[in-house]
Each structure stands twice: as C-alpha cells, then as structure tokens.
Amino acid sequence: MNWLLVAPIVIPLAAAVIGFAGRGSERTQRAVSLVGAVGLSAAAAGLLTVVWREGIASVQIGRWPAPYGITLVADHLSAAMVAVSALIGLATVIYAFGDTRHGPLSQALHPLLHALLAGVCGAFLAGDIFNLYVWFEVMLIASLALLVLGGRPEQLDGAVRYAALSLIATTLLLSGIGLLYGLTGTLNMAELHVRVQEVEDQGLLTLVAMVFIVAFGLKSAVFPLFFWLPASYHTPQTAVSAVFSGLLTKVVFTLIFRHDVGYTHELLLWVAGLTMVTGVLGAASQNELRRILSFHIISQIGYMILGLALFTTFGLLGAIFYVIHHIIVKANLFFVSGAVGRLAGSTDLERLGGLYRDKPLLAALFFVPAFSLAGFPPLSGFWAKLLLIQASIERDEFVIAGVALTVGLLTVYSMTKIWLNAFWKARPDDAGPPPSLAPQRRWLLLAPIAALAIVTLAIGLYARPLYTLAERAANELMAPSNYVEAVLGGGRVAVTAPGYGGNAE
Amino acid sequence: MEPVIAVLVGVLMAATVYLMLGRSFVRFIFGLALLSHAANLVIFASGGMTRARPPLIAPGESQPLPDVANAVPQALMLTAIVISFSLLTFALVLAFRTYQELETVDTDRMRAAEPSSADAGADAEQRAVD
C-alpha cells in the first residue's frame, strides 16, 4: 500500500520526463500523456479506496521515522483532492488532443501538464511543510511555463502579473516556514500540531499564522489579494486555463484548511463576503467568456472561505463539498469556453450568437456546468450552496447567508448573459463564417466536457457518497488526533482537543 | 548575532518594498532577489545561531560529538536558494521577452491582458486581437 501514496507523484513525473523525451513523435507523446493520465487516475482511485476503507494512510520515505524523515500522508481530504485532480488532469489531456495540433506548443504542453499534476499531488500528500513548499514551487514553475506557452503579448503580460504576485507569495510562505521552525523546532505537520500548543509566546504564533494566511491568500486570490487572477487566467491555452482554474487556487485553499492556526474567524467571514461580492460584480462587467469565468473563480473562492470562517464541522463539510464540486464545474466551463472559441471563432460575447441553433449539443453541455455553478437543483452546485448556507444559519450568521444567496442570484445573471448572447441571439453579421474543425477533433473537445457534465449531474442526483466523504474529511480536520497518530505512531500521546484556535497540523 | 541579522532582514525588506513599488518590472525583479535573501536570513536566524561544530560524525562513531550546529536550517536555505535562483532566472527571461513583445518594462503601460478603452494602450489592444 506504500506505493499507492508515492504513485500519484511518481506517475505524472515519469509521464513528464518520458513525454518530453519522446516529444518528436506525435503518436509517442500522446500515448505517454494518455497512459500517464489514466495511470494517475487509477492510482488516485486506489488511494481513495484505501483511505475510505482503512482511514488515514502514511508512508515514511526511506524508512526514516517521522518527524525526521520525509512523510507522505493521505487523509480523506487529500485523497479526495488527488482523485479530483487526476480526473481533471485526464480530461485536460484529452481536451488538449483536440485543441492543440501537434507542434512546438503541444510538445511542451503535455510534459508541463504532467509536471503540474505532480506538483499538485505532491502538495496534497506532503506531510511536512517544507516539502509542501517544494511541491508548491514545482507547481509554480510548471504553471509559469504553461502560462507563457505560445508567447503572445497578452500571455506575457498576464504572466508578469502572475509571476510577480506568486513569487512574493512563495517567499512569504518560505519566511513563514522559517519562523515556524524557529518557534517549534519541527517541520512535520503532525509534530507541529502537538508542538504548536506548547509554544509559550502565542502572540508570535499568531504573527506567523498571519504570514501564512497572507501567503496562501495571495495564491488563492481572496479579497483584497485577487487582482492577478483575472489578469492572467484568460490568456493561456484553454486546456491550461481549465486546469489552472480547476486546481491551482484550490490547492492552496485546501492548504488553508490544514494550516488554519490562530486568527479571528470574524475577519475571515468579512474576507469571504467581500471576495464573493467583488468577484461576482467583476464578472458582471465583463464581456469575454473566459474573463467572466475568471472573475467567477474569485467569487466562488469566497464561498469556500465562508465554510472555513464558520469553523464548525458542518461548515467545513460544506466547504469541502464546494471545493470538489467547484473544481469539476469550473474546469468544465473553461473547456466549454474553449470549445465555443474553436467552433464559433471567438469568445467575445459581442461576436457570438446562434450557437443554440447551430450547436445544440454544445449548448446543452454549457447548460449543465453553468447552472450548477449558479446553484440550481438537481445539479451539484445546489447541494454545495445549500450546505454552506445551512451552516451559516446554524451559526446565526444571517448576513453572510444573505450575501451568499444574493451572489448566487448574480451568478445566474452572468450565466444568463452568456446564454443569451452566445447561444440565443442571432449570430452577428460581421462575425464571419465559423471555422471548420475536423469531426475527430470536435469529439475530442466535447468528450471531456460531456464526461464532466455527467459527473456534475451524478453528484447532484446522488450526493450521499460525496457528502459522506466531505463529512469524514471535515471530522478529521476538526479533530486531528488520528492524523497525528497515523504519522507519528501510537507511541506518542496525541492531543485531542483542538487547542489554540483550531486544527493546526 | 541574531539582532544584527534581524536588522539586516529589515533593511533588505525595506529595500525590497522600495524597489517593488517602482513601476519598472526590472526593478521589481531586483526587489525579488533581495526578498529571497531576506527570507533565507530569516530561516538562518530562526534556526538559532551558535558557535558549534559542523554536524559531522567522525569515522568509527555512531553519533556526532556534542555541541553540533543545527543542520536543518542550512539544508532548508540551500534548497530555497536553488529554487529562488531558478525562479529569478525565469523572471529575468520573462522580463526580456515581455520587453521584446510589448516594448516596455513599465508595468503601468502593460495593458495587453487587460485592455481598457480609457487607457492609452490602444495599440496593445490592437495586438491582443491578433
């Protein structure tokens, strides 16, 4: 079972290296990329099954015992996130087959995509904060390279903003890690959880926690640190946008779940509300498909922060449910926007139209994720929003529940705007004839969209398994003694009470 | 020794902020270089600075002699230096390519990704179309 924990990191890394070596031949590269993505999905599914049956799994690399060696840990949260990442990775690889012809672009795209997946999975599974930082950098380097792939001016411009803020954020994270090590003398997350409660100067600890929050907040684009996201996410290849929007901010967000050390949750509640509102208002003013969707990422992150800010098991449950739902839906919407661009020749709402008549299948496939994002039953977004709003009302936070509902309504506005302009109104005369696309490539574009739409629908109709998964993950986060025990072994007395401020692991 | 390092970190941070608030992306990159130095010094200082032996085990022994220095912060710094070096290189190449494409390093005049009609970046908008 040890190899199961290592596999989600090793498989994409191997796929990246072999894919890069075999970049000369289209057939080889595609085969490697596909096998890598399928292999990753299989490993992730296996890992999730093991964690589901047997609880938290951990492995000490090279048999150096924790807290001294390198530890990989999979609890319900990280196993679920690895599984979703693998799913999105597989969808992206297939989509990229249809989207990008073989050439310098796709030669670099596939290896980098796998490198990114390795970084993402590594960050989820890392058991100590310094390894986390390293996987973070792997992810960052791969994402920077993906962002500028193609080298168009707006990509470079977007990359400047993305690079600037990401590099500050990672340096902050590094300083935070250094300070935390100075305070506690350990880097292992399980050990940290125990040691943090023994630190005498809790004020210093709060300071370090704030450094972490700002670093993670920058990376996950919360209010007021979000400006880089809508400036960069719409510029790269669609496949890249999709995987970014699905995964990157959410990786960081999942880490906030874990590293929530001690700060006022009241503050986070404000951050959540403001993030939701600014994101959705920003989206309302945009006229380009992918820019609208980029702003919606921000507003959706507000919902996830909300679940964290409530800081009840039920709130965390809602937030975890939301993250998983959101990754699938958001990546799918970016796929749809890319398919619209390929099939209709533009992603600018003013130059689109008539897609409902011309491409009814695409219209149907847009409908599912768009209205899931807005929270319509029976789609997955409905349950996600319902859980979060119910959790807010349980904590008597009626204002934020109202904000969440209003933002949901504004999301409907944005989605309706896309629907009206791109799908319903007549195609403008000056738009020119739509580009032609080989049927085979069209199917490669539409297949991942359809598959993810089915997943969304399945979660909506049969939410129980995901609910149970989110419930278990939330319980683990609120009472991390199992996590500590799984990593450090039963020899050490685990502290059960979520001590200072919460679940520092 | 720690107070000296702490002041040094403060000075580096101040210089970083000054450089980063400038509009030139090149200045920003220099700021970034200083920032990563500051972060490394933070790790160095927070690991505890002592006059001690190198953490090496003599031949024939199974553990180091007492009073060895803590090797962990040094290992962390080494990793961090390598990573920040590679990212710095990327940022420099990015700045150069951006200068080639947009003919400016002034971040206020980079409007290709977010064109606005009110802005003077009409030519950037033109480029964004194709």
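Residues numbered from 1 in each chain as written. Chains lettered and ligands numbered in written order. Predicted model: local features only at pLDDT ≥ 70, side-chain atom pairs only at ≥ 80, totals over all residues. Heavy atoms only, no water.

## Notes on the overall build of chain B
Okay, so step 1: A count of helices and strands for chain B gives 4 helices and 0 strands.
Okay, so step 2: Of all 130 residues assigned to chain B, the portion counted as buried reaches 34%.
Okay, so step 3: Long-range pairs, those at least 24 residues apart, make up 49% of the contacts in chain B with a sequence separation of at least 6.
Okay, so step 4: In the form shown here, chain B has an accessible surface area of approximately 7,900 Å², with 65% of it arising from carbon and sulfur atoms. (Helix = DSSP H or I, 4+ residues; strand = E, 2+ residues; numbered from the N terminus. Buried < 20%, exposed > 50% of the residue type's maximum accessible area, 1.4 Å probe, protein only. Contact = heavy atoms within 4.5 Å. Areas by Shrake-Rupley, 256 points an atom, 1.4 Å probe, with all protein chains shown as cover.)

## Structural notes on the overall build of chain A
Okay, so step 1: Secondary structure summary: chain A contains 20 helices and 2 strands in total.
Okay, so step 2: For 505 residues, the compact-globule formula gives about 23 Å, and the C-alpha radius of gyration of chain A, at 22 Å, lands near that figure.
Okay, so step 3: In terms of overall dimensions, chain A has C-alpha extents of about 70 × 55 × 40 Å along its principal axes.
Okay, so step 4: For chain A, with 505 residues in total, the buried portion stands at 65%.
Okay, so step 5: Accessible surface, chain A as shown: approximately 16,900 Å² in total, 67% of it carbon and sulfur. (Rg over C-alpha atoms; globule rule 2.2 N^0.38 Å.)

## Here we look at helix α1 (residues 2–21) of chain A
All names here are of chain A.
Okay, so step 1: Here α1 is 20 residues long and its end C-alpha atoms lie 28 Å apart, about the 28 Å a rise of 1.5 Å per residue gives.
Okay, so step 2: Largest kink in α1: about 40 degrees, centred on P8.
Okay, so step 3: Among all positions in α1, only L4, L5, A7, P8, I9, P12, A15, A16 and G19 are buried.
Okay, so step 4: Against α2 (26–54), β1 (57–61), β2 (70–74), α3 (76–99), α4 (104–125) and α5 (129–148) lie the buried residues of α1. (Expected span 1.5 Å × (residues − 1). Bend = angle between axes of the 7 residues up to and from the residue.)

## Some points on the side chain of T92 of chain A
Okay, so step 1: The residue T92 of chain A is located in helix α3 in this model.
Okay, so step 2: The class of T92 of chain A is buried, set by a relative accessible area of 0%.

## Digging into the confidence of the model for chain B
Residues and elements named next belong to chain B.
Okay, so step 1: Looking at chain B as a whole, its pLDDT mean stands at 82, while 88% of the residues score no less than 70.
Okay, so step 2: By mean pLDDT, helix α4 (residues 122–129) is the weakest element of chain B at 41, and helix α1 (residues 2–21) is the strongest at 93.
Okay, so step 3: Here residues 117–130 is modelled with pLDDT under 50, and outside its nearest four sequence neighbours on either side it reaches 10 contacts, counting other chains as well. (pLDDT = per-residue confidence, 0-100.)

## Re a nonpolar patch on the surface
All names here are of chain A.
Okay, so step 1: Together, V277, L281, L410 and Y413 line one region of the surface with nonpolar side chains, adding up to about 320 Å² of accessible area.
Okay, so step 2: For the nonpolar patch, the secondary-structure elements that each account for two or more residues are α11 (265–284) and α17 (398–424).
Okay, so step 3: Residue Y413 is classed as partly exposed on the basis of its relative accessible area of 43%. (Patch = residues over 30% accessible without salt bridge, like charges linked within 9 Å, V, L, I, M, F, W, Y side chains within 5 Å. Salt bridge = Lys/Arg side-chain N within 4 Å of Asp/Glu carboxyl O.)

## Focus on the interface of chain B and chain A
Accessible area lost on assembly of the parts is the figure often given for the size of an interface.
Okay, so step 1: Contacts between the two partners involve 36 residues from chain B and, on the opposite side, 35 residues from chain A.
Okay, so step 2: Counting the surface lost from both chain B and chain A, the interface buries some 2,900 Å², and carbon and sulfur atoms represent 76% of this.
Okay, so step 3: Among the residues of chain B in contact with chain A, L87, A113 and E114 of chain B are the three that bury the most area, contributing 20% of the side total.
Okay, so step 4: Linking chain B with chain A are 0 salt bridges.
Okay, so step 5: Taken together, the links from chain B to chain A amount to 2 residue pairs in polar contact (both at pLDDT 80 or more).
Okay, so step 6: Listing elements by their share of the side of chain B that touches chain A, those giving two or more residues are α2 (25–46), α3 (72–102) and α4 of chain B.
Okay, so step 7: No other element matches the 15 residues that α3 of chain B contributes to the side of chain B that touches chain A.
Okay, so step 8: Considered class by class, the residues forming the side of chain B that touches chain A number 22 nonpolar, 9 polar and 5 charged. (Buried area = accessible area lost by both parts, 1.4 Å probe. Polar contact = N/O pair within 3.5 Å; in protein donor to acceptor, adjacent residues only side chain to side chain. Nonpolar A, V, L, I, M, F, W, Y, C, P; charged D, E, K, R; others polar.)

## Re the packing of aromatic side chains
Residue and element names in this part refer to chain A.
Okay, so step 1: All told, the structure shown has 16 aromatic pairs over all chains when counted by the stated rule.
Okay, so step 2: When the ring of F212 is compared with that of F216, the centres are 6.1 Å apart and the planes differ by 45 degrees; the resulting orientation is tilted. With F212 and F216 both in helix α8 (residues 202–220) and 4 residues apart, this pair spans about one turn of that helix. An identical accessibility class is assigned to F212 and F216; each is buried.
Okay, so step 3: Ring pairing ties together the aromatic residues Y356, F366, F367, F371, F376, W419, F423 and W424, which thus form one cluster.
Okay, so step 4: The ring of F20 carries R23 above its face, with NZ or CZ at 4.2 Å from the centroid. (Phe/Tyr/Trp six-rings, centres within 6.5 Å; stacked < 30°, edge-to-face > 60°. Lys NZ or Arg CZ within 6 Å of the ring centre and 35° of its normal.)

## Brief notes about the packing of α4 of chain A against α5 of chain A
All names here are of chain A.
Okay, so step 1: The contact between α4 and α5 brings their axes to 8 Å, and the two run at 155 degrees. Taken together, the axes of α4 and α5 are roughly antiparallel relative to one another. The interaxial crossing formed by α4 with α5 has left-handed handedness. Across from L109, L112, L113, A115, L116, A118, G119, V120, G122 and A123 in α4, the residues of α5 making contact are L132, W135, V138, M139, A142, S143, A145 and L146.
Okay, so step 2: For the contact of α4 with α5, the class distribution of residues is 15 nonpolar, 3 polar and no charged. (Axes fitted to C-alpha atoms, helices over the stretch in contact; angles between N-to-C directions. Parallel < 35°, antiparallel > 145°, perpendicular 65-115°, else oblique. Left-handed = near helix turned anticlockwise from the far one by under 90°.)

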